[in-house]
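# What the coordinates show
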Amino acid sequence: MKKKVFLLVGLIVLAIALSGCGEERTQPVNNNTQTEDQWQKSYRQISISEAERYVELTEKNGKLPTERLKEHSGVIKQQLEKMEGSDKNQFEELASLVEKNNLEEVKAKIKELKK
């Protein structure tokens, strides 16, 4: 009889240990939730992509109308509002260069930001 009691107690202890009874439970990690760092990278990538789009269209079509330049720089400025960090000034400069239609300087800034 004692053998059965010890076996039963052993099984109960094992079950408690495996179930984590008494431990604080945490919520499962949602892999779809981006961290703040990932969001910051996204804002930067969107800005660079918009500048690259400006470069592509300018090289293809020549000088862009002022409204179009403001649209491209506006997208970069929208991302700037969400950005944090020391390189934010560089993206402000990128937006300004796009708006001023400084194609070669924009290309150089893109290359610098991609490093």
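Keep in mind it's a predicted model, so treat the numbers as computed, not measured. (Residues numbered from 1 in each chain as written. Predicted model: local features only at pLDDT ≥ 70, side-chain atom pairs only at ≥ 80, totals over all residues. Heavy atoms only, no water.)

### Thoughts on the side chain of threonine 58
In this fold, threonine 58 is placed in helix H2 (residues 36-61). With a relative accessible area of 9%, threonine 58 lands in the buried category. Apart from the residues within four sequence positions on either side, threonine 58 is in contact with Leu64, Asn101 and Leu103. (Helix = DSSP H or I, 4+ residues; strand = E, 2+ residues; numbered from the N terminus. Buried < 20%, exposed > 50% of the residue type's maximum accessible area, 1.4 Å probe, protein only. Contact = heavy atoms within 4.5 Å.)

### Some remarks on the nonpolar core
With 20 residues, the main nonpolar core has Ala51, Tyr54, Phe91, Leu94, Val106 and Ile110 as its most contacted residues. When residues of this core are assigned to their parent elements, the largest contribution, six residues, is made by H2. Once residues lying within four places of it in the same chain are set aside, the contact partners of isoleucine 110 are Ile48, Ala51, Glu52, Val55 and Leu94. (Core = buried A, V, L, I, M, F, W, Y, C linked by side-chain atoms within 4.5 Å.)

### Notes on the packing of aromatic side chains
Per the counting criterion, the structure on display carries one aromatic pair. Each ring, one from tryptophan 39 and one from tyrosine 43, has its centre 6.2 Å from the other, and the planes form 25 degrees; the classification is stacked. Here tyrosine 43 and tryptophan 39 lie together in helix H2, a separation of four residues that amounts to about one turn. Relative accessible area serves as the criterion here: at 13%, tyrosine 43 is assigned to the buried category. (Phe/Tyr/Trp six-rings, centres within 6.5 Å; stacked < 30°, edge-to-face > 60°.)

### Here's the deal with the side chain of glutamine 79
Relative to the helices and strands, glutamine 79 resides in helix H3 (residues 66-80). Residues in contact with glutamine 79, not counting those within four places in the same chain, are Tyr43, Ile46 and Ser47.

### Examining the pattern of salt bridges
Applying the stated rule across the entire model yields nine salt bridges. A salt bridge links lysine 114 to glutamate 52, with the nearest nitrogen and oxygen atoms 2.4 Å apart. Of the two residues, lysine 114 is situated in helix H5 (residues 103-114) and glutamate 52 in helix H2; the sequence distance between them amounts to 62 residues. A salt bridge links glutamate 93 to lysine 109; the shortest N-O distance between them is 3.2 Å. Pair noted here: glutamate 93 is in helix H4 (residues 88-99) and lysine 109 is in helix H5, with a separation of 16 residues, a long-range link. The partly exposed category is assigned to glutamate 93, whose relative accessible area is 40%. When its relative accessible area of 6% is taken as the criterion, lysine 109 is described as buried. (Salt bridge = Lys/Arg side-chain N within 4 Å of Asp/Glu carboxyl O.)

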